[in-house]
Structure formats: C-alpha cells, structure tokens
Amino acid sequence: MLLDESDPQGWALKALREAGNSLLSELYGVNEDLLCRRPKDGDWCLTEIAAHMRDAEELVLRQMSAILDGSRDPLPVWDIDALPQERDYVAADVTLFLEELRSLRRQTTHLLWGLSGADWRCAGQHPYRGALSLGEIARELAQHDLEHLWQVRRLKHELGMPVAAAEDDWG
C-alpha cells in the first residue's frame, strides 16, 4: 500500500499493523524457558513484555472508545508498567497474552480505519496530560510498539535467539 506523506492517519495505521505484526512474529513459538529468562536483573522477560503490550492495547482501546462515545469523564488510566510484577505475568501462558493482543489490536485498527479525519482530531481529557486526540493516542501506541519491538529483539539477541522475519502477518 502506498501512502501519501500528508496522510498521518494512514501512516499511523500502517505503523500499528507492521509493528504489531513484527512483535507477534518475534514472540510466537519461542521456547517457554527462554520466554521467562532475564539476561539482567530488573529487565522484563519476553512473557512480561507480551503481557505489557496486551495491557497497553486494552488501555488505548478503552480510551479511544471513551472519546468516541462522547464521555465527559476523564479518560481511563492505570499504571501498565507496574502490572507485570503485580500480577506475576512471568508465570502465565504467553500464548494467552499474544492471542488477546492480536484480538485487541484488530479491534483498535478496525475502530481507527472507520474514522474520518475529523474523528481523528476528537479528544478526551486525560487526567494528567490534558486533552488527547484519537490521532495522538494512535501515534503514541505505534511508537510504543516500536520501542518494545526493539526491546524484544535486543532481549532475544542477548539470549542467543534468532529474530523473526519482518513479513509475518497477524494470521
């Protein structure tokens, strides 16, 4: 798909699709022992990263839905960075996190594909950051994907694992 450089919505959707696909490709099929291994104290393991990505997607989808529903309440927030330790994600099944992430990402992109340019500018009130538009939230999610994709690839390299091919799809 060719996108016009002046199409920020198209670029955000493309980034969400491609980075999300790459993240899933990197995490599916990894040996269970390696999924829970940390090369350094304090680092997240691959399972915790997968869970964190699912948590971030769920939060963003709730925020976007609140904006589109016209809610006057502050956007929902929770500390997604604290959840991996609080919920002992390392002991959980990574496949569940990946399936939930895949499903949530489909919902997010389906929601975004149906929006007009004006809809992308609709905003909600974040309790700490002020007004946030759907477009800003989508671009931040794409950036978040890229940051964690780099983290996953770095961690896999440190653990001596190969990196997945970039063409893989959500299936």
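Structure first, text after, so check above.
What comes next concerns the included structure.

Thresholds applied
Position numbers for residues start from 1 in each chain and track the written sequence from start to end. Side-chain atom pairs in this predicted model are given and counted only at pLDDT of 80 or more, local residue features only at pLDDT of at least 70, and totals for whole chains, interfaces and linings cover all residues. Processing note: side-chain calculations cover all non-hydrogen atoms of the structure and skip hydrogens and water entirely. Each helix is a run of H or I in the DSSP string that is no shorter than four residues. Each strand is a run of E no shorter than two, and both are numbered from the N terminus. Each residue's exposure class comes from its accessible area (1.4 Å probe, protein chains only) as a fraction of the maximum for that residue type: buried when under 20%, exposed when over 50%, partly exposed otherwise. Note on contacts: a residue pair is in contact if any heavy atoms of the two residues lie within 4.5 Å. Helix span, as expected, comes to 1.5 Å for every residue beyond the first. Axes here refer to lines fitted to C-alpha atoms; in helices the fit is confined to the stretch in contact. Angles between the N-to-C directions go from 0 to 180 degrees. Any angle that is under 35 degrees is reported as roughly parallel, and any over 145 degrees as roughly antiparallel; angles of 65 to 115 degrees are reported as roughly perpendicular and all others as oblique. Under the scheme applied, nonpolar residues are Ala, Val, Leu, Ile, Met, Phe, Trp, Tyr, Cys and Pro; charged residues are Asp, Glu, Lys and Arg; polar residues are all the others, including Gly. Definitions used throughout: a 1 Å grid over protein atoms alone; a cavity as a set of points that fits a 1.4 Å probe which cannot get out; a pocket as an open set with protein on both sides within 12 Å along at least five of seven lines; a lining residue as one with an atom within 4 Å of a point. Grid points are joined across faces, edges and corners, and a volume is the space filled by probe spheres set on the points. Whenever a carboxyl oxygen of Asp or Glu lies within 4 Å of a side-chain nitrogen of Lys or Arg, that contact is scored as a salt bridge. Stacked, tilted and edge-to-face are the three classes assigned to paired rings of Phe, Tyr and Trp, where Trp is represented by its six-membered ring and a pair needs centres within 6.5 Å; plane angles under 30 degrees give stacked, over 60 edge-to-face, the rest tilted. Pairs of cysteine sulfur atoms within 2.5 Å are identified as disulfides in what follows.

## Observations concerning the environment of leucine 155
Its location among the elements puts leucine 155 in helix α7 (residues 134-158). Here leucine 155 falls in the buried class, since its relative accessible area comes to 1%. Separated by 91 residues in the primary sequence, leucine 155 and methionine 64 place their C-alpha atoms 31 Å from one another. With residues up to four places along the chain from it excluded, the contact list for leucine 155 reads Arg37, Pro39, Trp44, Cys45, Leu46 and Ile49.

## Looking at α7
Helix length check: α7, at 25 residues, gives a terminal C-alpha distance of 36 Å against a target of 36 Å (1.5 Å per residue), a fit within 8%. At the exit of α7 stands glycine 160, carrying a positive phi of roughly 75 degrees.

## So, the environment of proline 74
Tracing the chain through its elements places proline 74 in the loop between α3 (46-68) and α4 (83-86). Note: C-alpha distance between proline 74 and aspartate 119 (45 residues apart in sequence) is 18 Å. When neighbours within four sequence positions are excluded, proline 74 is seen to be in contact with Gln125 and Pro127.

## Re the packing of helix α1 (residues 8-27) against helix α5 (residues 94-113)
At a minimum axis separation of 11 Å, α1 and α5 run at an interaxial angle of 170 degrees. Taken together, the axis directions place α1 and α5 in an arrangement best described as roughly antiparallel. Each of Leu13, Leu16, Gly20, Leu24 and Leu27 in α1 lies in contact with α5, whose residues at this interface are Leu98, Leu101, Arg102, Arg105, Thr109, Leu112 and Trp113. When the residues that make up the contact of α1 with α5 are grouped by side-chain class, the tally is 8 nonpolar, 2 polar and 2 charged.

## Details of the layout of surface pockets
In this structure, the largest pocket spans a volume of roughly 370 Å³. Leu59, Val60, Ile80, Arg129 and Glu140 are the residues nearest the centre of the largest pocket, which is lined by 18 residues in total. Among the secondary structure elements, those contributing two or more residues to the lining of the largest pocket are α3 and α7. Here the element with the most residues in the lining of the largest pocket is α3; it accounts for 5 residues. Along the lines of polarity and charge, the residues of the lining of the largest pocket split into 10 nonpolar, 4 polar and 4 charged.

## Side note on the pattern of salt bridges
The tally for this structure, following the rule as stated, stands at 13 salt bridges. Close ionic contact of arginine 105 with glutamate 57 constitutes a salt bridge, the shortest N to O distance being 2.6 Å. Residue arginine 105 is located in helix α5, and its partner glutamate 57 is located in helix α3; the two are separated by 48 residues in the primary sequence. Taking relative accessible area as the criterion, glutamate 57 reaches 0% and is therefore assigned buried. Glutamate 140 is the salt-bridge partner of arginine 129, the closest N and O atoms lying 2.6 Å from each other. Here arginine 129, found in the loop between β1 (123-126) and β2 (130-133), pairs with glutamate 140, found in helix α7; they are 11 residues apart in sequence, far enough to count as distant.

## Section: the packing of aromatic side chains
One pass over the full model with this rule turns up 1 aromatic pair. When the centroid spacing of 5.1 Å and the interplanar angle of 70 degrees are considered together, the rings of tyrosine 89 and phenylalanine 97 count as edge-to-face. Both residues of the pair, tyrosine 89 and phenylalanine 97, count as buried.

## Some remarks on the state of the cysteines
All told, the structure shown has 0 disulfides when counted by the stated rule. Cysteine 36 takes part in no disulfide bond, and the closest cysteine sulfur to it belongs to cysteine 45, at a distance of 5.2 Å. By relative accessible area, cysteine 45 is classed as buried at 0%.

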